[in-house]
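Spelled out, the chains give:
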Amino acid sequence: MSKNLLSIVFFTFFIFNFAQQRVEYDEVKITVDNQAKNLIKKVLQEQKKNAPEAQSNFQYSSYFKMLITSNRDSILKDRLYTPEKKENPAKKEKGLEIGLEDIEMIDVLKRGHIFIAERAIDHYYSKEYGKKNIIQANRFSGVKSPVYETAALEAQSFDLSQPEFVFLGNKFVNPISNQGITEYRYKIIDTTFINQRSAINVAFKPIGDSIAGHLRGNVWIDKATLGVMKFDVNHAKTKKRNEIIGEYELIEGSWFPSLLHFKINAGRYDYVSEKVTETEHEIHLDTIKKSQPILLLGVTHFNNRKINVPIDKKIFRGYESEVMPQAFSLTPEQMQTYRQGYELDSIEYNTYQYIDSLGKAAKVDKWIRLGRAAMTGSAKIGRVDLDLTSIYNYNPYEGNRLGARFKTNYDFDDRWGLEGYFAYGFKDHRWKYGGGVSYLVNKPYFGIIGVRYFDDISNFASPTYSFENNYRNFRENLDRFNNDLFTKERNGTLYYQQDFWKTFSGKISLSRNQKEAVFGYQYLGENVFDFFDIALGVKWSPNDNYTRTEFGKVVLEQKYPVFQANVTQGIKELGGEYQYTRLDFKAQHQWNNPIGNLDILLRSGWAWGDLPLTNAYVGNGNTYLETGVFNNFIVAGENSFETMGIGEFYSDKYASFQVKQNIKGIKIFKKDLDINWLYRSLIGDMNQPEKHSFAIKSPSDYFQETGVELHNVFSIFGLGAYYRFGSYHLEHESQNFAVKMTVKIKF
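Quick caveat: nothing in here was measured; it's all calculated off a predicted structure. (Residues numbered from 1 in each chain as written. Predicted model: local features only at pLDDT ≥ 70, side-chain atom pairs only at ≥ 80, totals over all residues. Heavy atoms only, no water.)

Draft legend 1. Structural detail: the nonpolar core. Formed by 63 residues in total, the largest nonpolar core has its most connected members in Phe165 and Val202. A per-element tally of this core places strand β11 (residues 254-278) first, with seven residues. Among all residues touching Val202, those that are not within four sequence positions of it are Ala36, Leu39, Ile40, Tyr186, Lys187, Ile188, Gly217, Asn218, Val219 and Ile221. Core analysis: the next-biggest nonpolar cluster, separate from the first, contains 27 residues, Tyr617, Tyr650, Ile696 and Tyr728 among them. (Core = buried A, V, L, I, M, F, W, Y, C linked by side-chain atoms within 4.5 Å. Buried < 20%, exposed > 50% of the residue type's maximum accessible area, 1.4 Å probe, protein only. Helix = DSSP H or I, 4+ residues; strand = E, 2+ residues; numbered from the N terminus. Contact = heavy atoms within 4.5 Å.)

Below, the structure written as structure tokens:
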């Protein structure tokens, strides 16, 4: 099969973006129309009253079907020119009659469509308990592996009370929203009748040239209730005659969705046909180049509505979305139960059969698993998951570190979990290991009780948060790539964690640990420290979107802001020798702006009581402070201070502010550049520094640096240039500059 065909069959429905199309259309000229704008304002005022959520509760089912196809009848009527395929002797010896490279688009179209997908969802709403969407069935031709990340994502928006309109992963400013009022121009076209109700037809388009992320089209407003009866929209940037349509019906005073459908021109299929011309003495055979559109066709039906009928509150437990265990394993025939009477035709059944066979031959499921492993840092191997980030690491203390971390998955048991790891440092010549066991006590809210033990090294004087994942830790380990400040640590922990609300997680733990600094540090003459700690950690990510599956929660979409906080209390009992309290906080937010996106990271910590430096804070510097700009040429970190010396500052209270502005749209030799401007700052202080075995320098006068990073110049590698200024500007000017190699992996 050609590469183009493989892309169409398996990936078009993920990466389709119709923003780049360029066919002329008949545009309605829209001038300033205050009457139309005032009408839309009134629609917004009545939006809550007209929405289904005005009811006490309701439920309904939806069935979605999507096809990727072309004008099969026109193509198959032609006398097609097919070049003779050369026989592969190697395949013939192995008994293979045909391979994927032998398959052409016409071979697919002769048997059916290019692609088919189906999904069935039960929707529930209660004023008391909120929303719940249960995915009963989800089927993609050519794909057998569960793709949970796509199961709960809507193909086409139907809730117009949201600020964004979503279509196949593309987000647009909703024209029927408060933001839309300021970014669209409206015009009343006429008054018509829909389902025997008087409707006002309003056309809209973006104001000025701001068409990226905006729509154009028409919306029909019910004259009596001012509810939306129908919309017909398209991307404002495209000039193809696409259809994205939604229809609604009035039931018990609320406008419920009744039908969604779309028809998108996604490209062209070029082919060659033969034309036979006969004369009295001879026959001429000519070839003619032809082309047909490749179409995305989708339809969503809504049925089985029940309004103000009591709903069992147990349905609303857990996250807003839930995927049933059988959803991805249904055959096309078993899907019939969820089609709500809309049967597939023989061509659509043939599409499943043929594309499934091509998917199996192309090992699509294998590539999906590899893609998931690359994005999550974890690879499923039978009943265990291998943490890919644990295989290799480097730091100056251990040198090259090789190891492996395993954790059982849902194939092992749906409640019990086992984990373990081992590693060896080739510089410190020491084995490290750890293990644990956990039990899922609360499936709806992912409540886990567990115990862990490890004998390893840990970062010296660094805050820890309860909800960091291994992949994130691996990226932030770049901050420690050049750092030799570590402690040997033995740690046993008993913990319980749970999601108490849909976007709020909590974790409580009891731990007994022993730490020993590996670089000669002492506190009051001691270098081995025993702790007994009680810790409480919370994470709030208000805009994240999760779904619950048979084996746990899956993140559908991670959004900012994200807040994390930890409270740790050291107790001078049960083997602990130090009484102290530590508070840690971290917040990160990101905003899109005209030149890219702005990322802000705030960190702070405060520790008081009797505690060694191992449990305080280090400045997270990442340079050697050598004279000569290029003498500090090392790997830049994720959030480290690139002009601050390693171990230059310590504190027991601190605040750090970082801002990064990503700059888009700059090209050199047709290559898009990934540029960041950044600013980092730190302020802190230390009580009783004389208790520690070396002179303590704290950043009480506000440390500052700025820099520019040019990422992915060569593969994942780039360059960064940084400058130290302000109160801690150094006497030798070259020490204030740093040029470093950056590493950034994109997915």
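Draft legend 2. Main features of helix α10 (residues 364-376). End to end, α10 covers 18 Å across 13 residues, agreeing with the expected 18 Å (1.5 Å per residue, within 8%). Two residues or fewer after α10 comes Gly377, characterised by a positive phi angle close to 75 degrees. (Expected span 1.5 Å × (residues − 1).)

Draft legend 3. Seen up close, the side chain of Thr568. Mapped onto the secondary structure, Thr568 falls in strand β26 (residues 562-570). Beyond its immediate stretch of four places on either side in the chain, Thr568 contacts Asp533, Ile534, Ala535, Tyr580, Thr581 and Arg582.

Draft legend 4. Quick look at the pairing of strand β7 (residues 197-206). Along β7, seven of the ten residues are buried, which leaves the element largely enclosed by surrounding structure. Relative to strand β8 (residues 215-222), β7 is paired through six bridges, and the arrangement is antiparallel. Bridging from a neighbouring strand, Ala199 pairs with Asp222 of β8. (Pairing = 2+ DSSP bridges.)

Draft legend 5. Spatial organisation of the pattern of salt bridges. Applying the stated criterion across every chain, the model contains 27 salt bridges. Taking the shortest distance from any N to any O, the salt bridge between Arg139 and Asp356 comes out at 2.8 Å. One end of the pair, Arg139, is in strand β3 (residues 130-140); the other, Asp356, is in helix α9 (residues 346-361), with 217 residues separating them in the sequence. On the accessibility criterion, Arg139 (4% relative accessible area) is buried. Residue Arg452 is joined to Glu419 by a salt bridge in which the shortest nitrogen-to-oxygen separation is 3.0 Å. (Salt bridge = Lys/Arg side-chain N within 4 Å of Asp/Glu carboxyl O.)

Draft legend 6. Broad picture of the pairing of strand β23 (residues 528-540). Note that strand β22 (residues 504-517) and β23 share 13 bridges and pair antiparallel. Residue pairing for β23: Lys507 is matched across the bridge by Gly537. As paired elements, β23 and β26 share eight bridges and run antiparallel to each other. Looking at the pairing, Leu536 lines up with Val567 of β26.

Draft legend 7. Region of the structure containing the side chain of Lys515. Take Lys515: it is sitting in strand β22. One buried charged residue, Lys515, remains without a salt bridge, the closest side chain of opposite sign being Glu489 at 4.5 Å. A polar contact of 3.1 Å, which involves the side chain of Lys515, links it to the side chain of Asn615. Not counting residues within four places of it along the chain, the set of residues in contact with Lys515 comprises Thr487, Lys488, Glu489, Asn527, Val528, Phe529, Phe531, Thr614 and Asn615. (Lys, Arg positive; Asp, Glu negative; His and termini not counted. Polar contact = N/O pair within 3.5 Å; in protein donor to acceptor, adjacent residues only side chain to side chain.)

Draft legend 8. Seen up close, the environment of Phe714. Secondary-structure assignment places Phe714 in strand β37 (residues 703-714). Among the residues examined, Phe714 registers a relative accessible area of 64% and is labelled exposed. Put simply, Phe714 and Val743 are 29 residues apart on the chain and 9.9 Å apart in space, counted from C-alpha to C-alpha.

Draft legend 9. Layout of the packing of aromatic side chains. Under the definition given, this model contains 41 aromatic pairs. Consider the rings of Trp540 and Phe563, whose centres lie 5.5 Å apart with planes at 20 degrees: the pair is stacked. Taken together, the positions of Trp540 in strand β23 and Phe563 in strand β26 put the pair 23 residues apart, joining distant regions of the chain. For the pair Tyr679 and Phe725, a centre-to-centre distance of 6.4 Å together with 45 degrees between the ring planes defines the contact as tilted. Of the two residues, Tyr679 sits in strand β36 (residues 674-685) while Phe725 sits in strand β38 (residues 717-726), which places them 46 residues apart along the sequence. (Phe/Tyr/Trp six-rings, centres within 6.5 Å; stacked < 30°, edge-to-face > 60°.)

Draft legend 10. Geometry of α9. With 16 residues, α9 extends 23 Å from end C-alpha to end C-alpha; this agrees with the ideal 22 Å at 1.5 Å per step. Those residues of α9 not exposed but buried are Glu348, Thr351, Tyr352, Tyr354, Ile355, Asp356, Leu358 and Gly359. Sitting at the amino-terminal end of α9 is Asp345, which places a side-chain oxygen 3.1 Å from the backbone nitrogen of Ile347. Following α9 by one or two positions, Lys363 has its phi on the positive side, about 55 degrees.

Draft legend 11. Focus on a nonpolar patch on the surface. Taken together, the side chains of Val441, Ile449, Val451, Leu494, Ile508, Leu510, Ile534, Leu536, Val567, Leu583, Trp606 and Trp608 present a nonpolar region at the surface, about 970 Å² in accessible area. Of all the secondary structure elements, the ones that give two or more residues to the nonpolar patch are β20 (447-459), β22, β23 and β28 (596-609). Along the chain, the position of Trp606 falls in strand β28. Given a relative accessible area of 42%, Trp606 falls into the partly exposed group. (Patch = residues over 30% accessible without salt bridge, like charges linked within 9 Å, V, L, I, M, F, W, Y side chains within 5 Å. Areas by Shrake-Rupley, 256 points an atom, 1.4 Å probe, with all protein chains shown as cover.)

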